[in-house]
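Secondary and tertiary structure notes
Each chain, letter by letter, is given below.
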Number of protein chains: 2
Amino acid sequence: MKLADLVKKTRTYRRFDESFQVDYEILKQLVDLARLSASGANKQPLKYLIYNTPSDCRRVFPFIAWAGYLKDWPGPESGERPSAYIIVLGDTSISETFGVDHGIASQSIMLGASEAGLGGCIIASIKREELKNELMIPAKYEILLILALGKPIENVIIEEIKDGDVKYWRDSERSHHVPKRNLDDLILKF
Amino acid sequence: MKLADLVKKTRTYRRFDESFQVDYEILKQLVDLARLSASGANKQPLKYLIYNTPSDCRRVFPFIAWAGYLKDWPGPESGERPSAYIIVLGDTSISETFGVDHGIASQSIMLGASEAGLGGCIIASIKREELKNELMIPAKYEILLILALGKPIENVIIEEIKDGDVKYWRDSERSHHVPKRNLDDLILKF
């Protein structure tokens, strides 16, 4: 697939067929894409946790906040939750700061997930301390991002932005609409 | 091309055929890949500057620091410098913080550059205030990253890491060697 098509396909998905089990080897290959992506000063301070069983996913889910603009939606209901997570950690014994390494790594993983027929959501809104306790993550690791993954069951439609309003919305058929700024508004000239 | 091959091909390059002019339309398409990539809370606060003429590139170059581990190498010499730059700005009138949006966007752009036969370097070590003055960038924009681009003329080889030493090096034929951590060392279990 051409990269432009893969990028277009890589939407943020928040509803999944929770019964679909994501293969551990595929998740490992996704982390390998992150491993081979750029890292500031080549320090490679990121580490990863992979969860793909129903019982492990149940441990992660409660510590995530979903879709801030959908005020009446607390997050995916049982049966529509992610069936895998990759948690991106920063190893502070390697570096105190992580620059944008986790953004770079996450994009490689999410593009790879799309190529593999999966989809998901990069989540930064996390109850970090509680989740660290639950998963018994040692103090030297910082939880940077959670990549929630699974087999998406929702339709996501890119919309032209109107009046600068970036809030996404759902229609009556639960399709998810996401306004994107125009290219010409993003490229500046001084 | 499969994404895994594209990620492998997307090495950090620091020497270029400076005479190769990068087409403006291609650079615009690369920004479009960034536009369609994920943004925290869908705020889309990133803006972009594109430079692809020799005179414009000469304005950007002096404000960049190159390859911290190569102590005897101040950066690419004349004739081997990037022939295009995409500068990633944060628009503080949209958001005060940018999360990892610029990491996500940069990875989309660098993968797209590879697909287009280009290559380059994500640069965070920038004399920001001086460059803002030189390019007359209004105060409300923050310089987040510079993506230096061009037609690479160096050979970059991924090496297995030894004794945890992440420092890259050049051999006598100026090939660039980059140690990468092993996948099994990146995936943790607690």
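The sections below set out a description of the structure shown in this document. (Residues numbered from 1 in each chain as written. Chains lettered and ligands numbered in written order. Predicted model: local features only at pLDDT ≥ 70, side-chain atom pairs only at ≥ 80, totals over all residues. Heavy atoms only, no water.)

Describing the relation of the copies chain A and chain B
Once chain A has been moved 0.0 Å along the axis and rotated by 180°, it coincides with chain B to within an RMSD of 0.0 Å. As the rotation angle and translation indicate, the two copies are arranged about a two-fold axis. Closest approach to the rotation axis among the C-alpha atoms of chain A is made by G103 of chain A, whose C-alpha sits 2.1 Å away. Comparing interface residues between copies, 100% of those in chain A also lie at the interface in chain B; the contact surface is shared. (Least-squares fit on C-alpha atoms with pLDDT ≥ 70 in both. Contact = heavy atoms within 4.5 Å.)

Here we look at the state of the cysteines
Each disulfide consists of one covalent bond between the sulfur atoms belonging to two cysteines. Residue and element names in this part refer to chain A. Evaluation of the coordinates by the stated rule reveals 0 disulfides over all chains. Looking at the unpaired C57, the closest cysteine sulfur is the one in C121, lying at 14 Å. Of the residues examined, C57 reaches a relative accessible area of 7% and is grouped as buried. (Disulfide = S-S within 2.5 Å. Buried < 20%, exposed > 50% of the residue type's maximum accessible area, 1.4 Å probe, protein only.)

Some points on the interface of chain A and chain B
Chain A puts 62 residues into the contact, and the matching count from chain B is 62 residues. When the area that chain A buries against chain B is broken down by residue, the three leading residues are L3, L36 and F190 of chain A, summing to 13%. On the surface where chain A and chain B come into contact, there are 2 salt bridges. Measuring nitrogen to oxygen at the nearest pair gives 3.6 Å for the salt bridge that ties K28 of chain A to D184 of chain B. (Buried area = accessible area lost by both parts, 1.4 Å probe. Salt bridge = Lys/Arg side-chain N within 4 Å of Asp/Glu carboxyl O.)

What about the environment of E96 of chain B?
All names here are of chain B. Topologically, E96 is positioned in the loop between β2 (84–91) and α4 (101–115). Residue class for E96 comes out exposed when judged on its relative accessible area of 64%. The spacing of E96 and D17 is 79 residues in sequence and 38 Å in space, taken between C-alpha atoms. (Helix = DSSP H or I, 4+ residues; strand = E, 2+ residues; numbered from the N terminus.)

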